[in-house]
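As a plain string of letters, each chain reads:
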Amino acid sequence: MITLSTLTVFVGTLALVYAMPGPDMALVLQSSLTRGVRQGLATGAGLALARAVQVTLSACGLAALLRSAPWLYETVRIVGALYLIYIAVQIFRAPLFRLETASAAIGRLPGAWRAAMLRGFMGNLLNPKALLFCSVLLPQFIDPLGGPVWSQMLALGTLLVAVGVVFDIALTFGAAGLSGWLRRHPRAQTVQRWTFSGVLVAFALKLSAS
């Protein structure tokens, strides 16, 4: 049984981690600003699914395998960095939108939600640091005398995903509120596009160099 004090500290730790700028935050903000709430929520759903997979893999010991097999860690790290750069290029090449209905029309295109979810899913899943983070954080809050370890891992993993969902929803609606202003200011869209492309490239370089 996980105590209330342990859960409070765990949630506080997660809040600090999710509030820090990172590629996940950049993906959600970019989708919400340029494609609207639905696309932002779809990206957040992909991130949530990836985090659930990361927690499961961590519980299964894959994180320990990454630590003991440097070549595997390096492979996942480089692939993840290349994927972030690919997304950055797609953002940079995206056309400006001027009308209120433009992003809504994009959001209704066949497969648009699925593509947004895939971006979030792959962006997080191909970041080995996310898996290592789960493998380091979760055991710190496991009490060997507090009941079955698997049930504690399940509870903490569920909470990790849930807190992430809350943050992603808040980011989505906050960013989507600015989209109308961006549509009326093409130059601001250009700055926004350069900014998010640059941020993702920077995170990709950081990932590949660490």
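Note: the structure precedes this text.
Thresholds, definitions, all that
Residues numbered from 1 in each chain as written. Predicted model: local features only at pLDDT ≥ 70, side-chain atom pairs only at ≥ 80, totals over all residues. Heavy atoms only, no water. Helix = DSSP H or I, 4+ residues; strand = E, 2+ residues; numbered from the N terminus. Buried < 20%, exposed > 50% of the residue type's maximum accessible area, 1.4 Å probe, protein only. Contact = heavy atoms within 4.5 Å. Axes fitted to C-alpha atoms, helices over the stretch in contact; angles between N-to-C directions. Parallel < 35°, antiparallel > 145°, perpendicular 65-115°, else oblique. Left-handed = near helix turned anticlockwise from the far one by under 90°. Core = buried A, V, L, I, M, F, W, Y, C linked by side-chain atoms within 4.5 Å. Expected span 1.5 Å × (residues − 1). 1 Å grid on protein atoms, 1.4 Å probe; cavity = no way out; pocket = protein on both sides within 12 Å on 5 of 7 lines; lining within 4 Å. Points joined across faces, edges and corners; volume = space filled by probe spheres on them. Nonpolar A, V, L, I, M, F, W, Y, C, P; charged D, E, K, R; others polar. Patch = residues over 30% accessible without salt bridge, like charges linked within 9 Å, V, L, I, M, F, W, Y side chains within 5 Å. Areas by Shrake-Rupley, 256 points an atom, 1.4 Å probe, with all protein chains shown as cover. Salt bridge = Lys/Arg side-chain N within 4 Å of Asp/Glu carboxyl O. Phe/Tyr/Trp six-rings, centres within 6.5 Å; stacked < 30°, edge-to-face > 60°.

Asker: Describe the overall build of the protein chain, naming the residues involved and giving the relevant values.
Answerer: Helix and strand content of the protein chain: 10 helices and zero strands. Each helix and strand of the protein chain, ordered N terminal to C terminal, gives the series α-α-α-α-α-α-α-α-α-α. In the protein chain, which comprises 210 residues, the proportion classed as buried is 42%. Residue pairs in contact within the protein chain that sit at least 24 positions apart in sequence constitute 85% of those at least 6 positions apart.

Asker: Quick one: what's the story with the packing of helix 2 (residues 23–35) against helix 7 (residues 112–125), residue by residue and with numbers?
Answerer: Viewed as axis vectors pointing N to C, helix 2 and helix 7 meet at an angle of 170 degrees, and their least axial separation amounts to 10 Å. Comparing their axes, helix 7 and helix 2 come out roughly antiparallel. Crossing of helix 2 over helix 7 shows right-handed handedness. Residues D24, L27 and S31 of helix 2 form the contact with helix 7, whose own contacting residues are R119, G120, G123 and N124.

Asker: Which residues make up the side chain of R51, and what are the values?
Answerer: Positionally, R51 belongs in helix 3 (residues 37–60). What makes R51 buried here is its relative accessible area of 5%.

Asker: How would you explain the nonpolar core if you had to name every residue and give the values?
Answerer: The biggest cluster of nonpolar side chains holds 16 residues, and the ones touching the most others in it are F10, L14, L138, L156 and L160. Listed by contribution, the elements that provide at least two residues to this core are helix 1 (4–19), helix 3, helix 8 (128–140) and helix 9 (149–183). Aside from chain neighbours lying at most four places away, what touches L156 is I2, L7, F10, L138, F141 and I142. Counting residues in hydrophobic clusters, the runner-up holds 10 residues, among them L27, Y83, L84 and A204.

Asker: Give a detailed account of helix 3, specifying residues and quantitative values.
Answerer: Along its 24 residues, helix 3 runs 34 Å from first to last C-alpha, staying within 8% of the 34 Å computed at 1.5 Å per residue. Positive backbone phi, at 95 degrees, marks G61, one or two positions downstream of helix 3.

Asker: Just give me the short version of the layout of surface pockets, but keep the residues and values in it.
Answerer: Considered as a void within the structure, the largest pocket measures approximately 710 Å³ in volume. Surrounding the largest pocket, 24 residues form its lining, V17, G22, P23, D24 and N127 being those nearest its centre. Residue composition of the lining of the largest pocket, by class: 15 nonpolar, four polar and five charged.

Asker: Just give me the short version of a nonpolar patch on the surface, but keep the residues and values in it.
Answerer: On the surface, a cluster of nonpolar side chains totalling about 450 Å² of accessible area is made up of I78, L82, I85, V89, V201 and L205. At the level of secondary structure, the elements contributing two or more residues to the nonpolar patch comprise helix 5 (70–93) and helix 10 (186–209). A per-element tally of the nonpolar patch places helix 5 first, with four residues. Summarising the element assignment, L205 is placed in helix 10.

Asker: How would you sum up the environment of L131? Please name residues and give values.
Answerer: On the secondary structure map, L131 appears in helix 8. Using a relative accessible area of 3% as the deciding quantity, one classes L131 as buried. Residues L131 and S58 lie 73 residues apart in sequence; the distance between their C-alpha atoms is 6.3 Å.

Asker: Give a description of the packing of aromatic side chains that names residues and reports values.
Answerer: Per the stated rule, a full pass over the model turns up two aromatic pairs. Taking the centre distance of 5.9 Å and the plane angle of 35 degrees together, the rings of Y18 and F167 count as tilted. Here Y18 is found in helix 1, whereas its partner F167 is found in helix 9, with 149 residues between them in sequence. Of the residues examined, Y18 reaches a relative accessible area of 15% and is grouped as buried. Judged by its relative accessible area of 26%, F167 falls in the partly exposed class.

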